[in-house]
Amino acid sequence: MFSKETYVQRRALLKKSLGSGILLFLGNDDMGLNYEDNTFRYRQDSSFLYYFGLSFAGLSAVIDIDNDKDIVFGDELTIDHIVWMGTQPTLKEKSERVGITCTLPSDSLTEYLHKAVQKGQAIHYLPPYRAEHKLKLQEWLGIPLGRQEGSVDFIRAIVKQRSYKSEEEIAEIERACNITADMHIAAMKMLRPGMKEYEVASAIQAVAFAAGGDLSFPTIATVNGQTLHNHYHDNTVQSGDLFLIDAGAETAMGYAGDMSSTIPADKKFTTRQREIYDLQVAMHLESVKALRPGVPFVDVYDLSARVMVEGLKQLGLMKGNADDAVREGAHALFYPHGLGHMMGLDVHDMENLGEIWVGYDGKPKSTLFGRKSLRLARELECGFVHTIEPGIYFIPELIDLWKGQKKFNDFIHYDAVEAYKDFGGIRNEEDYLITETGARRLGKKIPLTADEVEELR
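Bear in mind that the values here come from a model prediction, so they are computed numbers and not experimental data.

### Observations concerning the domain arrangement of the protein
Here is step 1 of the chain: Per the domain assignment, the segments of the protein are domain 1 (4-163) and domain 2 (167-456).
Here is step 2 of the chain: When each unit is reduced to the centre of its C-alpha atoms, the spacing between domain 1 and domain 2 is 35 Å.
Here is step 3 of the chain: On the side of domain 2, 22 residues touch domain 1, which itself brings 20 residues to the contact.
Here is step 4 of the chain: Regarding the contact of domain 1 and domain 2, the summed buried area is about 1,700 Å², with carbon and sulfur atoms giving 50% of it.

Now the structure itself:
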């Protein structure tokens, strides 16, 4: 938890931005895993954390701008709770730590909102992403489940505020990034042929736990790196495999790190692996060099894609003009995702508020395959924190589909690509802060170049 003043100032800025109405914040509840008392790991809603700092289940809050009230709604612990959970501060004491002096019982929120509606006050809420949120909005405000889109002014005000990371947030993100780097380095040191993927995944998680953190998202640790979000961990690592790791730590305060690395199962890359790996690193390094305020991130993505196309042309896998190939989307056979995403209290920061607002500043997204998966395209600004994660993948099913459709024959040598259908995928990822003059990598450096990887191996 930051200082009380931090949360008071954040709420004051939000009030000023919206001007009037009631801002409704739905905290997260516990969720049963396979029965009610055996719950998933608890994680508070990130916007609730940002403005109220309270990581406890069963809370809601309002910022009543018209009446200048900030209220946390929740219930005090009973003796039964204390028997099982131990002595804890009261809700009032917890709330006072973040500058909230008014707390009310949970069941009084419905009446509070109904009275506000009768007075003609506007009630702003955020897009719900959990079932209990949707049911509460239906009960409290009478909004049908299919029409709970959230208040655009509220969404935009929060995105505008959370996008710019303060010095104390940057320090906390860097803490997460340092743990994340340690997770990757531990995995890179231990990987050997004959191991199970889950052995690596468990070692990654152990590093996060030992540092007092948790995982910021489910770990990807796989010999099938061509599958972008592969959370299956039961394969046996074989000599000749490439092993892709995408993993991040979350600090106790909820801030995230997110890094990727790709390593050979053996101590050295094969010649073919190194050729593709070096090309991916070139994409990465050229992207980093281009980072600075005022640059549209979509332009950096296009740059990374052109670097890849030129490299694949030299390897005989692509042909034609690189600018044309990227504009028309031929590059997406090998690079079907974006270059990066915003990061902070969420590993994909504020994704529940909508990519159109977070990554595009309200501008429309492309519908083109590959390009439509850009989570971030807007002009970069000082204070943004985001990832850089270009990749090169050989996805057999996609290759077969496009080849059968004779798609982009002017740009792709399908006969040559056929020989790479067993290759897998490569992605390396780092986290960057946009500064006044450029960008700064956050967290410890993990091996990136092939020489650095092989030296660690």
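### Remarks on the nonpolar core
Here is step 1 of the chain: If you look at the biggest cluster of nonpolar residues, it comprises 124 residues, and the most contacted ones within it are Leu14, Phe25, Phe334, Phe394 and Ile412.
Here is step 2 of the chain: No other element matches helix H8 (residues 167-190), which puts 9 residues into this core.
Here is step 3 of the chain: Counting residues domain by domain, this core receives three or more from each of domain 1 (4-163) and domain 2 (167-456).
Here is step 4 of the chain: Counting residues in each nonpolar core, the second largest holds 15 residues, with Val62, Ile71, Tyr112 and Ala116 among its members.

### Regarding the sheet that holds strand S7 (residues 123-124)
Here is step 1 of the chain: In spatial order, the strands read S6-S5-S4-S1-S7; together these 5 strands make up an open sheet with mixed pairing. Two strands lie at the open edges of the sheet, namely strand S6 (102-104) and S7, each paired on one side alone.
Here is step 2 of the chain: Judged from the 5 bridges that link them, strand S4 (residues 60-64) and strand S5 (residues 69-73) form a sheet pairing that is antiparallel. By the bridge assignment, valine 62 is partnered in S5 with isoleucine 71.

### Re the state of the cysteines
Here is step 1 of the chain: Under the definition given, this model contains 0 disulfides.
Here is step 2 of the chain: Cysteine 177 carries a free sulfur, and the closest cysteine sulfur to it, the one in cysteine 382, is 17 Å from it.
Here is step 3 of the chain: Judged by its relative accessible area of 0%, cysteine 177 falls in the buried class.

### Describing the packing of aromatic side chains
Here is step 1 of the chain: For the structure on display, the rule yields 18 aromatic pairs.
Here is step 2 of the chain: Between phenylalanine 334 and phenylalanine 394, the aromatic rings sit 5.6 Å apart at their centres with planes inclined by 70°, giving edge-to-face as the arrangement. Of this pair, phenylalanine 334 sits in the loop between helix H12 (322-328) and helix H13 (355-358) while phenylalanine 394 sits in strand S14 (residues 391-394), and the two are 60 residues apart along the sequence. Like phenylalanine 394, phenylalanine 334 is buried.
Here is step 3 of the chain: Measuring from centroid to centroid gives 5.8 Å for phenylalanine 369 and tryptophan 402, while their planes differ by 70°, and the two rings are edge-to-face. In this pair, phenylalanine 369 sits in the loop between H13 and strand S13 (385-388) while tryptophan 402 sits in helix H14 (residues 396-404), placing the two residues 33 residues apart along the sequence.
Here is step 4 of the chain: The side chain of arginine 10 reaches across the aromatic face of tyrosine 50, ending 3.8 Å from its centre.
Here is step 5 of the chain: Lying over the aromatic face of phenylalanine 56, lysine 94 brings its terminal NZ or CZ to 3.8 Å of the ring centre.

### Things to note about the UniProt feature "domain: Aminopeptidase P N-terminal" (unreviewed entry) in the protein
Here is step 1 of the chain: When the UniProt feature table is mapped to this numbering, "domain: Aminopeptidase P N-terminal" (unreviewed entry) covers residues 2-134.
Here is step 2 of the chain: Between the C-alpha atoms that bound residues 2-134 there is a distance of 30 Å. The span itself is 37% helix and 20% strand.

### A closer look at the side chain of glutamine 44
Here is step 1 of the chain: Tracing the chain through its elements places glutamine 44 in the loop between strand S3 (38-39) and helix H2 (46-52).
Here is step 2 of the chain: Exposure remark for glutamine 44: the relative accessible area of 1% places this residue in the buried category.
Here is step 3 of the chain: A distance of 2.7 Å separates a polar atom in the side chain of glutamine 44 from the backbone nitrogen of asparagine 28.
Here is step 4 of the chain: Not counting residues within four places of it along the chain, the set of residues in contact with glutamine 44 comprises Gly27, Asn28, Leu49, Leu54, Ser55 and Phe56.

The rules behind these values
- Residues numbered from 1 in each chain as written.
- Predicted model: local features only at pLDDT ≥ 70, side-chain atom pairs only at ≥ 80, totals over all residues.
- Heavy atoms only, no water.
- Domains from an automatic or database assignment.
- Contact = heavy atoms within 4.5 Å.
- Buried area = accessible area lost by both parts, 1.4 Å probe.
- Core = buried A, V, L, I, M, F, W, Y, C linked by side-chain atoms within 4.5 Å.
- Buried < 20%, exposed > 50% of the residue type's maximum accessible area, 1.4 Å probe, protein only.
- Helix = DSSP H or I, 4+ residues; strand = E, 2+ residues; numbered from the N terminus.
- Pairing = 2+ DSSP bridges.
- Disulfide = S-S within 2.5 Å.
- Phe/Tyr/Trp six-rings, centres within 6.5 Å; stacked < 30°, edge-to-face > 60°.
- Lys NZ or Arg CZ within 6 Å of the ring centre and 35° of its normal.
- UniProt positions renumbered as here; feature names shortened; annotations may be inferred.
- Polar contact = N/O pair within 3.5 Å; in protein donor to acceptor, adjacent residues only side chain to side chain.

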